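Residue strings, one per chain:
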Amino acid sequence: MENEPDHENVEQSLCAKTTDEELNKSFSLEASLSKFSYIDLDKELEFRNDLIDDKEFDIPQVDTPPTLESILNETDDEDESFVLEDPTLLNIDTIDSHSYDTSSVASSDSGDRTNLKRKKKLPDSFSLHGSVMRHSLLKGISAQIVSAADKVDAGLPTAIAVSSLIAVGTSHGLALIFDQNQALRLCLGSTSVGGQYGAISALSINNDCSRLLCGFAKGQITMWDLASGKLLRSITDAHPPGTAILHIKFTDDPTLAICNDSGGSVFELTFKRVMGVRTCESRCLFSGSKGEVCCIEPLHSKPELKDHPITQFSLLAMASLTKILVIGLKPSLKVWMTFPYGRMDPSSVPLLAWHFVAVHNYVNPMLAFCRGDVVHFLLVKRDESGAIHVTKQKHLHLYYDLINFTWINSRTIVLLDSVEKLHVIDRQTQEELETVEISEVQLVYNSSHFKSLATGGNVSQALALVGEKACYQSISSYGGQIFYLGTKSVYVMMLRSWRERVDHLLKQDCLTEALALAWSFHEGKAKAVVGLSGDASKRKAIVADRMVEILLHYADRALKKCPDQGKIQVMEQHFQDMVPVIVDYCLLLQRKDLLFSQVYDKLSENSVAKGVFLECLEPYILSDKLVGITPQVMKDLIVHFQDKKLMENVEALIVHMDITSLDIQQIVLMCWENRLYDAMIYVYNRGMNEFISPMEKLFRVIAPPLNAGKTLTGADYRRMEKPPSASMLGTQTALGLRLQTSSDDEQVVMGNKLLVYISCCLAGRAYPLGDIPEDLVPLVKNQVFEFLIRLHSTEAPPEEEIYPYIRTLLHFDTREFLNVLALTFEDFKNDKQAVEYQQRIVDILLKVMVENSDFTPSQVGCLFTFLARQLAKPDNTLFVNRTLFDQVLEFLCSPDDDSRHSERQQVLLELLQAGGIVQFEESRLIRMAEKAEFYQICEFMYEQEHQYDRIIDCYLRDPLREEEVFNYIHNILSIPGYSVEEKQSVWQKAMDHIEELVALKPCKAAELVATHFSEQIETVIKKLQNQVLLFKFLRSLLDPREGIHVNQESLQISPCIIEQFIELLCQFSPNHVIETLQVLECYRLEETIQITQKYQLCEVTAYLLEKKGDIHGAFLIMLKRLQSKLQEIIRQDKNTKEDPSLKDVEETMVETIALCQRNSHNLNQQQREALWFPLLEAMMAPQKLSSSASPHPHSEALKSLTMQVLNSMAAFIALPSILQRILQILFLKLTRIS
């Protein structure tokens, strides 16, 4: 016994050869395109930089792969007659492109008005990715399906299978076979057979397109020779009778197929040929009794992967109603994996799809499966031992239920949801690239076969429920194309090439989106890329060429679409919307040649467009992203901004441009006339290597007002507390570049710029940015120094004082000019010339400032602070006469000059801190500082001599810093590094001034004592003779509400001190005694009660008695107080309208009620009555004395208060007892009246 004989193999080869010759116009080419796309896309996504060489798989290179796009260009003639024999309707060479320029299959006419409306509002995914899918109606096949139904009673289409041919099964049992030209090649079967077998429910074409398997609704299976149209096999016993064929699938082995019936069983069909007789053996792989299988998918490998190690297992994926199974048919049947669905909608359709993908440089099959709204991906690999391993990959969560899943390549998947909307998804990023509505396809569903209506409907309810949305046989993919079978039509969808996607956006008039999409292709960031091959540089070059074409077209369009009439603002807005895009992409593509030649020439035809173009260059120039501008454009740019009076913009641009090709003198003149000082300096420096001329120009402007005695403020620049470091000199921010004052004083602005410019030159930095060439740095420094120390300026008037430049800078901003010199001195090398320059500068500074009375104490102090810092350096070579420092000291400490006291003290302090202390005799310095009341100077000197106790006097005498004394004392006593003797002297000094400290800040004084000397609190109390100060001190110390940060328990204060504080509290703040007692601890009740009784604080005494437990005693005190208040009301004159004592009565009564309520819970009935009844009687007493004829003016108010007492006591005293007591009171009242 043998397998299918060689005769059949020869027959198949001949068939394949004949088919190849006939189909080389299109479908064979699509197959090669599929191979190319598969390799190219896997490479691009998974391998990134490692390209797969097509030669390795012997894949033919195709320059212009033909596709089915020409179908879309066909005119949509509704009156066209459908002729079965018409072979031209799918001819690729005769198709134009307009019919696929729609956003969905619902419209195949680009002139459709609804489609035009769609163009106006683009979805986000469309504007980002363009139209990813090209979709079109196969009109020839569609027409012939309808014609066949009418003329030969073929019935409605039921199933489709696609390979190099397209097979369509019908409801009357016919199989229509079409070629690449949409011509009907074969009509297999007959309606009589269809009447016997029922509708075709499943189709499958083998790998070489030589055989067709047809499954029928009544369970039969037929095999056809696609070359001759001969029926090879009619199989009726492959599976149990009475069940429909749901799926029939060839495997990669042409002698092996798989079928799945409506009973949920799966069978393996083995085709053999013995002694010229074709046979079929059937083996049950899975019985429906164990769980109904409703979807099967064998793993198919492409020819280039036929030797892949996984193919030898002939893997088959099966989806039952509850789980997924992956089995191997070879070498023996084996289950490799099961995977349960989990919870899902029972009506959702199980889906399976295989595809080979590249992961970590290895190509392996990946199985996608889903049921509902979650797609799982399983990577199948074979290890070295030969075993198969399945690993889960990142799954995809959706917001819709799926009814079909199709791989279009290894990176891109196409999903069909339950409302017939297609979703194109990038698998790796899970980004949705496009959605397409296909409801007008009128997709064929396989529901009747899942319900097995042709055999009596003998299926389970679960399978019938799944079948409601089953469309397995209506969708077929081949060569990167997906075919959808409708009730009267066939549609095909495929990925557009990158060029098509860009062109599609251009046709939609979306030029900006087209450029963005093309740039994503250029940068390798686009999704679902087709048609770009080669290495990265080659791909970039191809895309760049296309982008250049688009940009030139974009420029033409901008000019053509410009409004001819209307306001200039409308034209400007038009070009502002378009021109920046051109500039952006030209610079992204690094095509300045294109930008400044063709593009600029085109836009220069319109003056408005030219202006917008020039303005677009500004941000790139300012960010130094655009260098090397042509001289003509540079000149036009400056003239344009100058014409628009945007001189600040001109200045900002000039300092970023290479201006050597322009007319330097003209630029300098323009800058000076328009006060563009930064630009003027830049032009002198960069254009002519001239560094002194700008200084001379600026000095001529700022010197006259300064010489005339006018004060110019150096703005924020002089507020810098510390001199900037050398590294800061290169930045505008550090040097206060382009500083502006609150006023618009032009001279101040120029002075600031001059100062910054000098500092840059001396630091070797270019102004306003960059660096001076290294070979010029020494020369520039020498030139600047020589300029500054000139005895007179050029063309000096006779009255000019010597050293005018240094004098001018000192008058303008002494501190910052000296800071500039200090930084420069740090950078000097210790050579002879540098030493001479430094000494020369210092001598000039002294001569100018010391011999001149025009400078303030602050300015003189700045000079000597500068000198002190220089003299304090270890490698100092400067010489300064010490007598000058003594003169400065006398000048600053002069007792006759009471003005600018703080300024003079601060100047002297800075001088000392800078190292100037070594220039003075310390004792003389202290005497003069004390005399001048320079307490900060005294502190500085005392600290040098470790006389820390004397510093306390400095703080207490200085009204501006007196409160800082507490922190100082605390730091000395707590920070390590001070000796015991020093700390003791500080504490003793603090004790000597304790009354001053308490008067200054009681809380701080108390905190100081509690923190450092809690055991000496009694000593401190004795020192505080003033009772008010003592009260403030004790309150800060003992009352936790005062907020001192000390642990009260650690103080260990005796009760006597607390009671002393309570007595003081009773004297000075009697209203706060109770609330203070509530937070105090450690006081003795008896002694405290005596104190409160001494000062007749009844409420406080009652509070203490209650706390002691003497409730009745506390109540009697409150009752007595209440009765006294009531007596005052009784004695009140009836004519008095206002009575403040009534409020006192109410407050006292409320407090008494609260006392009774707090304690009634712990008393017996008799004790409660002893509290409440006297209170009730006290409140009713005034009413007993009044009569109805002469009522008391407050009788109503008193009645209300009495009712309040009754309501309160009702919670604790029985109502009969209360009534009895009230009757007794009333009886006594009547008796008294009678």
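See the structure above.
Computed from a prediction, not measured in an experiment: that's the story for all the values here.

## Regarding the overall build of the chain
Line of reasoning, step 1. Along its length, the chain carries 46 helices and 29 strands.
Line of reasoning, step 2. Counting across all 1234 residues of the chain, residues that qualify as buried make up 54%.
Line of reasoning, step 3. Residue pairs at least 24 apart in sequence account for 61% of intrachain contacts in the chain once pairs closer than 6 positions are excluded.
Line of reasoning, step 4. For the chain, the accessible surface area stands at approximately 55900 Å², while carbon and sulfur atoms represent 49% of it.

## What to know about the pattern of salt bridges
Line of reasoning, step 1. Tallied over the full model, the rule gives 32 salt bridges.
Line of reasoning, step 2. Salt-bridge contacts for E468 lead to K451; the nearest nitrogen and oxygen are separated by 2.7 Å. Of this pair, E468 sits in the loop between α8 (461-467) and β27 (475-478) while K451 sits in the loop between α7 (447-450) and α8, and the two are 17 residues apart along the sequence.
Line of reasoning, step 3. Exposure remark for K451: the relative accessible area of 24% places this residue in the partly exposed category.
Line of reasoning, step 4. A salt bridge links K602 to D556; the shortest N-O distance between them is 2.9 Å. Of this pair, K602 sits in helix α13 (residues 592-603) while D556 sits in helix α11 (residues 536-560), and the two are 46 residues apart along the sequence.
Line of reasoning, step 5. Judged by relative accessible area, which is 22%, K602 ranks as partly exposed.
Line of reasoning, step 6. Connected through salt bridges with shared partners, the residues D503, R546 and E549 form a single ionic network.

## Some details on the pairing of strand β3 (residues 166-170)
For a regular strand, side-chain orientation follows a simple rule: the groups alternate between the two sheet faces.
Line of reasoning, step 1. Within β3, 5 of the 5 residues are buried, leaving the element largely enclosed by the surrounding structure.
Line of reasoning, step 2. Side chains I166, V168 and T170 project from β3 onto one buried face, and the interleaved A167 and G169 project onto a second face that is buried too.
Line of reasoning, step 3. The pairing of strand β2 (residues 157-162) with β3 spans 5 bridges and is classified as antiparallel. Note that in β3 the partner of I160 across the bridge is V168.
Line of reasoning, step 4. Counted along the chain from β2 to the antiparallel partner β3, the turn is 3 residues long.
Line of reasoning, step 5. The loop that links β3 with its antiparallel partner strand β4 (residues 175-178) comprises 4 residues; one of these, G173, has a positive phi angle of about 85 degrees.

## Topic: the packing of aromatic side chains
Line of reasoning, step 1. Under the definition given, this model contains 23 aromatic pairs.
Line of reasoning, step 2. When the centroid spacing of 5.8 Å and the interplanar angle of 70 degrees are considered together, the rings of W672 and Y677 count as edge-to-face.
Line of reasoning, step 3. Here the aromatic rings of F1031 and F1068 are separated by 5.6 Å at their centres, their planes lie at 35 degrees, and the arrangement is tilted. Of this pair, F1031 sits in helix α36 (residues 1027-1038) while F1068 is found in helix α38 (residues 1055-1068), placing the two residues 37 residues apart along the sequence.
Line of reasoning, step 4. The partly exposed category is assigned to F1068, whose relative accessible area is 37%.

## Focus: the sheet that holds β3
Line of reasoning, step 1. If you trace the 4 strands from one edge of the open sheet to the other, you get β2-β3-β4-β5, paired in antiparallel fashion. This sheet does not close on itself; its edge strands, each paired only once, are β2 and β5 (184-188). Adjacent strand axes in the sheet meet at a mean angle of 20 degrees when their direction is disregarded.
Line of reasoning, step 2. As paired strands, β4 and β5 are joined by 4 bridges and run antiparallel to one another. Bridged to I177 within β5 is L186.
Line of reasoning, step 3. The strands that helix α5 (residues 139-151) touches are β2, β3, β4 and β5; relative to β4, the one it contacts most, it runs at about 150 degrees.

## Some details on unusual backbone geometry
Line of reasoning, step 1. Cis rather than trans, the peptide bond between K330 and P331 has omega equal to -10 degrees.
Line of reasoning, step 2. Looking at the secondary structure, you find P331 in the loop between β16 (323-328) and β17 (334-340).
Line of reasoning, step 3. Unlike most non-glycine residues, H360 shows phi in positive territory, near 55 degrees.
Line of reasoning, step 4. Residue placement: H360 occurs in the loop between β18 (350-359) and β19 (362-371).
Line of reasoning, step 5. Phi at S452 is positive, roughly 55 degrees, even though this residue is not glycine.
Line of reasoning, step 6. Structurally, S452 can be placed in the loop between α7 and α8.
Line of reasoning, step 7. Of the residues examined, S452 reaches a relative accessible area of 1% and is grouped as buried.

## Re the nonpolar core
Line of reasoning, step 1. Counting residues in each nonpolar core, the largest one holds 251 residues, and the members touching the most others are F613, L617, I654, L845, F864, L908 and F1033.
Line of reasoning, step 2. Within the second largest apolar cluster, 77 residues are counted, among which are V326, V349, I413 and F450.

## Some thoughts on the packing of helix α15 (residues 631-643) against helix α16 (residues 647-654)
Line of reasoning, step 1. At a minimum axis separation of 8 Å, α15 and α16 run at an interaxial angle of 155 degrees. For the element pair α15 / α16, the angle class is roughly antiparallel. The way α15 lies across α16 gives a crossing that is left-handed. Residues L637, I638, F641 and Q642 of α15 form the contact with α16, whose participating residues are M647, N649, V650, L653 and I654.
Line of reasoning, step 2. Of the residues belonging to the contact of α15 with α16, the class tally is 7 nonpolar, 2 polar and no charged.

## Describing the sheet that holds strand β25 (residues 421-426)
Line of reasoning, step 1. Sheet architecture is open: 4 strands sit in the order β23-β24-β25-β26, paired in antiparallel fashion. At either end of the open sheet lies a strand with only one pairing partner, and these are β23 (402-407) and β26 (431-437). Mean inter-strand twist for the sheet, computed between neighbouring axes without regard to direction, equals 20 degrees.

## Points about the packing of helix α12 (residues 568-588) against α13
Line of reasoning, step 1. Two elements in contact, α12 and α13, have axes separated by 9 Å at closest approach and are oriented at 160 degrees. Considered as vectors, α12 and α13 are oriented roughly antiparallel to each other. α12 and α13 meet at a crossing whose hand is right-handed. Two secondary-structure elements touch here, α12 through V579, I582, V583, C586 and L587 and α13 through K592, L594, L595, V599 and L603.
Line of reasoning, step 2. Of the residues in the contact of α12 with α13, the class split is 9 nonpolar, no polar and 1 charged.

## Quick notes on the side chain of T1152
Line of reasoning, step 1. Positionally, T1152 belongs in helix α43 (residues 1140-1160).
Line of reasoning, step 2. Note on T1152: relative accessible area 0%, which makes it buried.
Line of reasoning, step 3. With sequence-adjacent residues up to four places away left out, T1152 is seen in contact with F1115, M1118 and L1175.

## Re the pairing of strand β1 (residues 133-137)
Line of reasoning, step 1. Of all 5 residues making up β1, 5 are buried, and the element is well covered by its neighbours.
Line of reasoning, step 2. Of the two faces of β1, the one carrying M133, H135 and L137 and the one carrying R134 and S136 are both buried.
Line of reasoning, step 3. Of the strand pairs in this sheet, β1 and strand β29 (residues 490-495) are connected by 5 bridges, and their pairing is antiparallel. By the bridge assignment, M133 is partnered in β29 with L495.

## A word on the side chain of K527
Line of reasoning, step 1. Mapped onto the secondary structure, K527 falls in the loop between α10 (511-522) and α11.
Line of reasoning, step 2. Accessibility expressed as a relative area gives 11% for K527, which makes it buried.
Line of reasoning, step 3. Filtering out sequence-adjacent residues up to four positions away, K527 remains in contact with H129, R411, D426, T429, E431, L433 and R501.

## Observations concerning the environment of S164
Line of reasoning, step 1. Relative to the elements of secondary structure, S164 occurs in the loop between β2 and β3.
Line of reasoning, step 2. Taking the C-alpha atoms as reference points, S164 and Y478, separated by 314 residues in sequence, lie 8.5 Å from one another.

## Regarding the environment of G456
Line of reasoning, step 1. Of note, G456 is situated in the loop between α7 and α8.
Line of reasoning, step 2. With 213 residues separating them in the primary sequence, G456 and T243 have C-alpha atoms 9.0 Å apart.

Conventions we followed
Residues numbered from 1 in each chain as written. Predicted model: local features only at pLDDT ≥ 70, side-chain atom pairs only at ≥ 80, totals over all residues. Heavy atoms only, no water. Helix = DSSP H or I, 4+ residues; strand = E, 2+ residues; numbered from the N terminus. Buried < 20%, exposed > 50% of the residue type's maximum accessible area, 1.4 Å probe, protein only. Contact = heavy atoms within 4.5 Å. Areas by Shrake-Rupley, 256 points an atom, 1.4 Å probe, with all protein chains shown as cover. Salt bridge = Lys/Arg side-chain N within 4 Å of Asp/Glu carboxyl O. Pairing = 2+ DSSP bridges. Phe/Tyr/Trp six-rings, centres within 6.5 Å; stacked < 30°, edge-to-face > 60°. Axes fitted to C-alpha atoms, helices over the stretch in contact; angles between N-to-C directions. Core = buried A, V, L, I, M, F, W, Y, C linked by side-chain atoms within 4.5 Å. Parallel < 35°, antiparallel > 145°, perpendicular 65-115°, else oblique. Left-handed = near helix turned anticlockwise from the far one by under 90°. Nonpolar A, V, L, I, M, F, W, Y, C, P; charged D, E, K, R; others polar.

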